[in-house]
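Summary of the model geometry
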Amino acid sequence: MRPPCRRPPQNCLIVHGSDRPGIVAAVSAMITRIGGNIVAFDQYSDDPTGGAYFQRVVFHRPGFAADRPLIESEIAQTLAGFDLEWSLTDQSVPKRMAILASKQDHCLLDLLWRHRRGDLPVTVPMVISNHTTSAEDVRSFGVPFFHVPSVSGHDKAASEAKILELLRGNVDFVVLARYMQILSSDFLSQLGVPVINIHHSFLPAFIGAEPYKKAKERGVKLIGATSHYVTDDLDEGPIIEQDTVRVTHGDTVEELVRRGSDVERQVLSRAVLWHAQDRVIRHGNHTIVF
């Protein structure tokens, strides 16, 4: 595995809530007060007269791990006078990312390859699939593979319980790398960590089987992909990233599938990277991506 570029440990403070004057000054002064140095500062307000406010601050502070309780106390006191929520992460500690997959392996293997290269600041404690076709490929990356067959009806709850047993307490987020199963609301609630999905952007116009065949029959001129957070509403969660590629009447169904797979890989890898870097803030049913 190629290690990521070495740099001093950095920490990320995410702030969001109601906008009002003084937030930037208060946060900047606080980081200076605790002995930190700001590396990156992004902010956005959808209305400067009391709208929603979003902020991402990356800073370096020597001895962060040992002094974290004191730093968190300082942040809480600083923001107490504002109507804001906040979270703090140590970006030297990679997030634990589990992958759920089915037979289509293009997104799965792409994520594992990028992880092996050091391009994704995550660890991959496991891959879970309802098929065994990719087991050897996954294990060749040194990643544990677990097979949990898909079932329907009342047995679906038992299948989800097995997956939850593997995931709960062991991961920080989950990626559905073309996992062709619908997760129940109960599963998402019990899991309690973000879940990122990828699908072709034909939805909802070309739902169901063989979407590229249907798209070819309609003579589409653009194909693409969408990555979003999973919610109770199927394929309606907050969108993280999207992209498209232009096609023509001369492209065969097989070419549409190949080009669609390429854009799915790119979109999903960007969404995973941004989530791992704490660049995505969820707000209602949309996202702010810094």
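Heads up: the structure comes first, above all this text.
Residues numbered from 1 in each chain as written. Predicted model: local features only at pLDDT ≥ 70, side-chain atom pairs only at ≥ 80, totals over all residues. Heavy atoms only, no water.

Description of the pairing of strand β3 (residues 52-60)
Formally: Using a 1.4 Å probe on the protein chains alone, a residue whose accessible area is under 20% of its type maximum counts as buried, one over 50% counts as exposed, and one in between counts as partly exposed. In this text, helices come from DSSP runs of H or I with a minimum length of four residues, and strands from runs of E with a minimum of two, each type numbered from the N-terminal end. For two strands to pair, DSSP has to find at least two bridges joining them.
Most of β3 is tucked away: eight of the nine residues are buried. With eight bridges joining them, strand β1 (residues 11-18) and β3 adopt antiparallel strand pairing. In the sheet register, G17 faces β3, and the bridge partner there is Y53. Relative to β3, strand β2 (residues 37-45) runs antiparallel, the two being bridged by eight bridges. Its bridge partner lying in β3, S45 is registered against Y53.

Section: the nonpolar core
Heads up, the condition is: For our purposes a nonpolar core is just a set of buried Ala, Val, Leu, Ile, Met, Phe, Trp, Tyr and Cys residues, chained together by side-chain atoms within 4.5 Å. By definition in these notes, contact holds between two residues if any of their heavy atoms fall within 4.5 Å.
By size, the foremost hydrophobic cluster in this structure holds 30 residues, and its most contacted members are M97, I99, L108, L112, V127, L268 and V272. Of all the secondary-structure elements, those providing two or more residues to this core are β5 (95-101), α3 (106-117), α4 (135-140), β9 (173-177), β10 (195-200), β11 (222-229) and α8 (253-276). Here this core gets six residues from one element, more than from any other, and that element is α8. Ignoring any residue separated from it by four or fewer positions in sequence, one finds V127 in contact with I99, L108, L112, V138, V143, P144, F145 and F146.

Some points on the sheet that holds strand β4 (residues 84-90)
Think of a sheet as strands paired side by side through backbone hydrogen bonds, with each pair either parallel or antiparallel. Basically, it comes down to this: Inter-axis angles, ranging from 0 to 180 degrees, are taken between N-to-C directions of lines fitted to C-alpha atoms, where helices are fitted over the stretch in contact.
One open sheet accounts for four strands, arranged β2-β3-β1-β4; its pairing is antiparallel. Of all strands in the sheet, those bounded by a partner on one side alone are β2 and β4. Looking at each pair of strands side by side, their axes are set apart by 10 degrees on average, direction ignored. Across the sheet, helix α2 (residues 64-79) lies against β1 and β4, angled at about 170 degrees from β4, the strand it touches most.

Taken by themselves, the reported measurements are silent on function.
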